[in-house]
Amino acid sequence: MDEAITLLNDDNTPHGIVFGFDTYSRSPRIMMSLHDKNNRDLIATFSHDLSDPDEWNQFGTYIGCSTSLRRIDLRGLIHGSNNRTSESDQSMEAIYRGIERNCSIEDLKIDTDLIVGNGTTLPKLNLHDAQFKTSIKHFTVSGSISEGISFVISSFIENILLESFNMAHVEECAEQISESAFEWAFDRIVSACTKVKTLHVYCKSASQYAEVASLLMNPRSVLSEMDFCGRFDNAEGLSTIAVGLARNKTLEILRSRGFEGNLRPIAKALCDASSIKRIRASNHTLQKICRRPGETMPLMPKMIKDCLKLNKNANKNEVIRNKIARYYFIGDFDMSPFIDMPVSVLPEVLNLIEEDDIYRQSAIFRMLKAIPELCNVSSRDVRYVVEM
């Protein structure tokens, strides 16, 4: 214990602690692993029994005062706690109170059974009173959710600007009376994620897909990256996500293991070429689609690849003009936006067309057929910028 406290007092060594129970011990005994600032190298491992609450009160005090502590992983504390005693519970409470007083924690991983608001009898962390709300950047929650715990979690995250929030491993509480109660709890948490930059989420039902789509469409959302998983057989749900994506103005990276083989809704979200108005309303921020970090989506259509590349341009007016030029003048496109334009402007419109010669020739033919006056334009030197 003294060595652990010494390391906690070393302000020049940012580190994290992974907590768990020693499952081989007959008496309640806690395991702690201290890691370096990159969470790669193991600095030290400690095993200490929980029979002396006063000793753990001292340890909790040091945790609360530590300025080097960056990461806390408490998920292991829901396992191996069958031999609990009143003393071990008091010791655990001392650890939690210390964590709540800490102001340097940036990354917290926790199971819902360990959060105040859940109905279990385990010692719990009080997110509402936690001082690390001023420092936390990454929050991961797993386990079962109910209406009560969803209120606690949503109240915690809705006023904090989080770099990432991972709720991909939440599940329905065994004591839930109805599936609708779980859906309500899920929806409440997702709707509170407007200040989350990276969201990890798993959807299983139409309601969950719809709530994620609503978050994408929320103008207050700052979401820039989403790691999305869903049921592969839920084509309607994936289309719902794509509708939300089309109206999103912030998302840049989509990691998905639910869109393989069903990329048509994504293509439409990136560029709905059925009209100029719908091209303008398409998504112009998404720049990358992959399954996992460092991977690319297999068999991605060329149109999607091109649109993602176009979206990297920070000038979104140019992105819109380029999409119109590349994808609108194909096939039986709508001529009505050009009928009332000054004839002298239309050659500039034709210059926008970037497709292959056969499409370009077809587009010119259709415009000449619809607007015969084009053949009588006396000057092609007009410099007119069409504001798309």
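Located above this text is the structure these notes cover.
My aim in this report is to walk through the structure given alongside it, one point at a time. (Residues numbered from 1 in each chain as written. Predicted model: local features only at pLDDT ≥ 70, side-chain atom pairs only at ≥ 80, totals over all residues. Heavy atoms only, no water.)

**Remarks on the overall build of the protein chain**
Our working definition: Secondary structure elements are defined from DSSP: runs of H or I of at least 4 residues count as helices, runs of E of at least 2 residues count as strands, and each element is numbered from the N terminus. Burial here depends on accessible area, computed with a 1.4 Å probe over protein chains only, as a share of the maximum for the residue type. Under 20% is buried, over 50% is exposed, and the range in between is partly exposed. Contacts: residue pairs with any heavy atoms within 4.5 Å of one another. Note on areas: Shrake-Rupley, 1.4 Å probe, and residue coverage restricted to the protein chains presented here.
A tally of regular secondary structure across the protein chain gives 14 helices and 11 strands. Residues classed as buried in the protein chain amount to 49% of the 388 residues present. Taking all contacts inside the protein chain whose residues are at least 6 apart in sequence as the whole, residues at least 24 apart take part in 71%. Of the roughly 19,100 Å² of accessible surface on the protein chain, 48% is carried by carbon and sulfur atoms.

**Describing the sheet that holds strand β1 (residues 15–21)**
Condition: When DSSP finds two or more bridges between a pair of strands, those strands are recorded as paired. Whenever a helix is involved, its axis is fitted only over the stretch in contact; in every case the axis is a line through C-alpha atoms, and angles between N-to-C directions fall within 0 to 180 degrees.
Spatial strand order, β3-β2-β1-β4-β5-β6-β7-β8-β9-β10-β11: 11 strands in an open sheet with mixed pairing. This sheet does not close on itself; its edge strands, each paired only once, are β3 (42–49) and β11 (288–290). Each strand of the sheet is rotated relative to its neighbour by a mean of 15 degrees, with strand direction disregarded. Both β1 and strand β4 (residues 69–76) contribute to a ladder of 5 bridges, which runs parallel.

**Observations concerning the state of the cysteines**
For clarity, the threshold we go by: In this description, a disulfide is simply a cysteine sulfur pair whose atoms lie within 2.5 Å.
Summed over all chains, the structure comprises 0 disulfides. Summary of cysteine pairing: Cys229 is not part of a disulfide, and the nearest cysteine sulfur, belonging to Cys203, is at 9.2 Å. A residue is classified by how much of its surface remains accessible, and Cys229, at 15% relative accessible area, is buried.

**Points about the side chain of Thr198**
Along the chain, Thr198 falls in strand β8 (residues 198–203). When its relative accessible area of 11% is taken as the criterion, Thr198 is described as buried. Leaving out residues up to four positions away in the same chain, Thr198 has contacts with Glu163, Ser164, Phe165, Leu223 and Glu225.

**Points about helix α10 (residues 302–310)**
Those residues of α10 that sit buried are Ile304, Asp306, Cys307, Leu308 and Leu310. Contacts made by the buried residues of α10 are with α8 (264–270), β11 and α11 (316–327).

**Description of the packing of helix α2 (residues 53–65) against helix α3 (residues 86–101)**
As a reminder of what qualifies: If an angle is under 35 degrees, it is roughly parallel; if it is over 145, roughly antiparallel; if it lies from 65 to 115, roughly perpendicular; otherwise it is oblique. The handedness criterion is simple: a crossing whose near helix is rotated anticlockwise from the far helix by less than a right angle is left-handed, and one whose near helix is rotated clockwise is right-handed.
The interhelical angle for the contact between α2 and α3, taken along N-to-C directions, is 10 degrees, at an axis separation of 7 Å. Taken together, the axes of α2 and α3 are roughly parallel relative to one another. Where α2 crosses over α3, the handedness of that crossing is right-handed. Contacts from Pro53, Trp56, Asn57, Gly60, Thr61, Ile63 and Gly64 in α2 reach Glu87, Gln90, Ser91, Ala94, Ile95, Gly98, Ile99 and Arg101 in α3.

**Details of the packing of aromatic side chains**
The cut-off we apply is this: Only Phe, Tyr and Trp rings are paired, with Trp represented by its six-membered ring, and only when their centres lie within 6.5 Å; those with planes under 30 degrees apart are stacked, over 60 edge-to-face, the remainder tilted.
Applying the stated criterion across every chain yields a total of 6 aromatic pairs. Taking 5.4 Å as the distance between ring centres and 85 degrees as the angle between the ring planes, the aromatic pair formed by Trp56 and Phe59 counts as edge-to-face. Placement of the pair is Trp56 and Phe59 together in helix α2, with a separation of 3 residues, close to one helical turn. Overall, Trp56 belongs to the buried group, its relative accessible area being 0%. By relative accessible area, Phe59 is classed as buried at 1%.

**A few points about the pattern of salt bridges**
Rules: When a carboxyl oxygen of Asp or Glu is within 4 Å of a side-chain nitrogen of Lys or Arg, the pair counts as a salt bridge.
Applying the stated criterion across every chain yields a total of 10 salt bridges. The closest approach of N and O atoms between Glu225 and Arg255, which form a salt bridge, is 2.0 Å. Residue Glu225 is found in strand β9 (residues 225–230), and its partner Arg255 is found in strand β10 (residues 253–256); the two are separated by 30 residues along the sequence. Here Glu225 matches Arg255 in class, with each residue buried. Asp306 is paired through a salt bridge with Lys302; the nearest N and O atoms lie 2.6 Å apart. Taken together, the positions of Asp306 and Lys302, both in helix α10 and 4 residues apart, correspond to about one turn of that helix. Relative accessible area serves as the criterion here: at 15%, Asp306 is assigned to the buried category. Taking the relative accessible area as the measure of exposure, Lys302 reaches 61% and is therefore exposed. Taken together, the salt bridges that share partners define one network made up of Glu93, Arg97 and Glu100.

**Brief notes about the pairing of strand β7 (residues 164–172)**
The condition that has to hold: Here, the term right-handed applies to a crossover whose path from the first strand over the helix to the second runs clockwise when the strands point away from the viewer.
Here strand β6 (residues 138–145) pairs with β7 via 7 bridges, running parallel. Bridging from a neighbouring strand, Ile145 pairs with Glu172 of β7. The parallel pair β6 and β7 is bridged by helix α4 (residues 147–157), and the resulting crossover is right-handed. Taken together, the 2 bridges between β7 and β8 define a ladder with parallel strand orientation. Note that in β8 the partner of Phe165 across the bridge is Leu199.

**Overview of the pairing of strand β2 (residues 29–35)**
Looking along a regular strand, one sees the side chains alternate between the two faces of the sheet. With respect to burial, β2 is a largely interior element, 5 of its 7 residues being buried. Strand direction decides the pairing type here: β1 and β2, joined by 6 bridges, are antiparallel. Across the sheet, Ile17 pairs through a bridge with Leu34, a residue of β2. As paired strands, β2 and β3 are joined by 7 bridges and run antiparallel to one another. Along β3, the bridge assignment pairs Ser33 with Thr45.

**A few points about α2**
Here is the rule: Multiplying 1.5 Å by the residue count of a helix minus one yields the expected span of that helix. Directions drawn from the helix axis to the C-beta atoms are what define this arc. Within 3.5 Å is the distance limit for a polar contact, defined as a pair of N or O atoms, with the added protein rule that one can donate a hydrogen and the other accept it, and that residues adjacent in sequence qualify only through two side-chain atoms.
Counted at 1.5 Å a residue, the expected span for α2 with its 13 residues is 18 Å, and the 18 Å between its end C-alpha atoms agrees. Burial in α2 covers these residues: Pro53, Trp56, Phe59, Gly60, Ile63 and Gly64. The buried residues of α2 occupy an angular sector of 140 degrees when the element is viewed end-on, so they sit on one face. Turned more than 90 degrees off the buried face of α2, the exposed positions are Asp54 and Cys65. Regarding α2, its N-cap is Asp52, as a side-chain oxygen of that residue lies 3.1 Å from the backbone nitrogen of Asp54 further along.

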